[in-house]
Amino acid sequence: MSLRTDAPRLESRIRRFGRAQKWVHRTTAALMGVCVATAACLYIPQFAELVGRRELVVRIHEWAGLALPVPVLAGLVSRAFRADLGHLNRFGPHDRVWLRAALRRDKRRSSRPAAKFNAGQKIYAAWIAGATLVMLGTGLLMWFTHLTPIQWRTSATFVHDWLALTLGIVLAGHIGMALGDPEARRGLRTGDVSREWAEREHPLWRP
């Protein structure tokens, strides 16, 4: 009797992410969180006074920033992770439809077709990858001060600081949207999502 009742429940869940994707996301999120937290302690006087030990905070910030690309590079050994990168890197006609609906604030599901990742997620992934590389490059210019002229370091500091502020705002929006979708969070936590959610949010996805 229990086998018959359990079968529909198992069939209603489908695999969205494997172990590699979950590990890359969690590790990258942890490193990004450390970078944001330490940056706040370096630039907001109230936090700096609470934490103190500025030199230690600077070192943690630097090493966390250097480590940011490592999870993605390590994840490339996984075929499933590489496949997801391919999905994120392809922008099809349905993505343009999704974006037009988003710009019109049309929230009807029929107006927002999406495969495994929607257009918003693809744009976010591309933006966060580019921002991370710029932050890493400007951070290195600020760290190795003896290798570059003062004009380069000044420009790098300007770009690094303002991009960090933008990055914090974008991350806050990303977290806010995740909090509003418990099933998407469950998918990243367990790897499985409900079939009903997948058909509603990503109707073009064929797992």
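The structure under discussion appears in the preceding block.
Only a predicted model underlies this, so the values are computations on that prediction, with no experimental measurement involved.

The rules behind these values
- Residues numbered from 1 in each chain as written.
- Predicted model: local features only at pLDDT ≥ 70, side-chain atom pairs only at ≥ 80, totals over all residues.
- Heavy atoms only, no water.
- Helix = DSSP H or I, 4+ residues; strand = E, 2+ residues; numbered from the N terminus.
- Buried < 20%, exposed > 50% of the residue type's maximum accessible area, 1.4 Å probe, protein only.
- Contact = heavy atoms within 4.5 Å.
- Areas by Shrake-Rupley, 256 points an atom, 1.4 Å probe, with all protein chains shown as cover.
- Lys, Arg positive; Asp, Glu negative; His and termini not counted.
- Charge placed at Lys NZ, Arg CZ, Asp CG, Glu CD.
- Core = buried A, V, L, I, M, F, W, Y, C linked by side-chain atoms within 4.5 Å.
- Salt bridge = Lys/Arg side-chain N within 4 Å of Asp/Glu carboxyl O.
- 1 Å grid on protein atoms, 1.4 Å probe; cavity = no way out; pocket = protein on both sides within 12 Å on 5 of 7 lines; lining within 4 Å.
- Points joined across faces, edges and corners; volume = space filled by probe spheres on them.
- Nonpolar A, V, L, I, M, F, W, Y, C, P; charged D, E, K, R; others polar.
- Expected span 1.5 Å × (residues − 1).
- Axes fitted to C-alpha atoms, helices over the stretch in contact; angles between N-to-C directions.
- Parallel < 35°, antiparallel > 145°, perpendicular 65-115°, else oblique.
- Left-handed = near helix turned anticlockwise from the far one by under 90°.

J.: Explain the overall build of the chain residue by residue, including any values.
T.: Helix and strand counts for the chain come out as eleven helices and two strands. Traced from its N-terminal end to its C-terminal end, the chain shows the element sequence α-β-α-α-α-α-α-α-α-α-α-β-α. Considered along the principal axes of its C-alpha atoms, the chain spans approximately 70 × 40 × 35 Å. Counting over 207 residues, the chain shows a buried share of 30%. Long-range contacts, defined as pairs at least 24 residues apart, comprise 69% of the intrachain contacts of the chain with a sequence gap of at least 6. Here the chain displays about 13,500 Å² of accessible surface, and carbon together with sulfur accounts for 66% of that area. The distance from the centre of the 31 positive side-chain charges to the centre of the 15 negative ones in the chain is 4 Å.

J.: Can you break down the nonpolar core residue by residue, with the values?
T.: Counting residues in each nonpolar core, the largest one holds eleven residues, listed as L31, M32, C35, A64, L68, I128, A131, M135, L163, L167 and L171. Listing elements by their share of this core, those giving two or more residues are helix 2 (19–43), helix 8 (119–143) and helix 9 (150–179). Excluding anything up to four places from it in sequence, C35 contacts H61, A64, G65 and L68. Membership of the second largest hydrophobic core comes to five residues, among which are I14, W197, A198 and W205.

J.: How would you sum up the pattern of salt bridges? Please name residues and give values.
T.: Per the stated rule, a full pass over the model turns up twelve salt bridges. Residue E201 is joined to R109 by a salt bridge in which the shortest nitrogen-to-oxygen separation is 3.0 Å. Placement of E201 in helix 11 (residues 195–201) and of R109 in the loop between helix 7 (93–103) and helix 8 is noted, with a sequence separation of 92 residues between them. For E201, a relative accessible area of 16% translates into the label buried. Overall, R109 belongs to the partly exposed group, its relative accessible area being 45%. In this structure, the salt-bridge partner of E183 is R186, at a minimum N-O distance of 2.3 Å. In this pair, E183 and R186 both sit in helix 10 (residues 182–190), three residues apart, roughly one turn of the helix.

J.: Please give an account of the layout of surface pockets that cites residues and values.
T.: As a volume, the second largest pocket reaches approximately 710 Å³. What lines the second largest pocket is a set of 27 residues, and nearest its centre among them are C35, A39, H61, M135 and H160. Elements with a contribution of two residues or more to the lining of the second largest pocket: helix 2, helix 4 (54–67), helix 8 and helix 9. Class assignment of the residues belonging to the lining of the second largest pocket gives a composition of 19 nonpolar, six polar and two charged.

J.: Can you explain helix 9? Please cite residues and give values.
T.: Over its 30 residues, helix 9 runs 43 Å from end to end, which matches the ideal 44 Å to within 8%, given 1.5 Å per residue. Turning to helix 9, its buried residues number three or more, namely A156, H160, L163, L167 and L171. Looking at the buried positions of helix 9, the neighbouring elements they touch are helix 2, helix 4 and helix 8.

J.: Residue-level account of the packing of helix 8 against helix 9, with values.
T.: Put simply, helix 8 and helix 9 touch, their axes get as near as 9 Å, and they point 150 degrees apart. On the basis of their axis angle, the class for helix 8 and helix 9 is roughly antiparallel. Judged by the twist between their axes, the crossing of helix 8 over helix 9 is left-handed. Side by side, helix 8 and helix 9 meet where Y124, W127, I128, A131, V134, M135, T138, G139, L141 and M142 of the first sit next to R153, A156, T157, V159, H160, L163, A164, T166, L167, V170, L171 and H174 of the second. Here the residues of the contact of helix 8 with helix 9 are counted per class, giving 15 nonpolar, six polar and one charged.

J.: Talk me through helix 2; I want residue IDs and the actual numbers.
T.: For helix 2, spanning 25 residues, the distance from its first C-alpha to its last is 36 Å, which sits close to the expected 36 Å at 1.5 Å a residue. Three or more residues of helix 2 are buried, namely Q21, K22, V24, L31, M32, C35, T38, A39, A40, C41 and L42.

J.: Describe unusual backbone geometry, with residues and values.
T.: Here R105, not a glycine, exhibits a phi torsion of approximately 60 degrees, which is positive. Turning to its location among the elements, R105 is positioned in the loop between helix 7 and helix 8. Residue R105 is classed as exposed on the basis of its relative accessible area, which comes to 72%.

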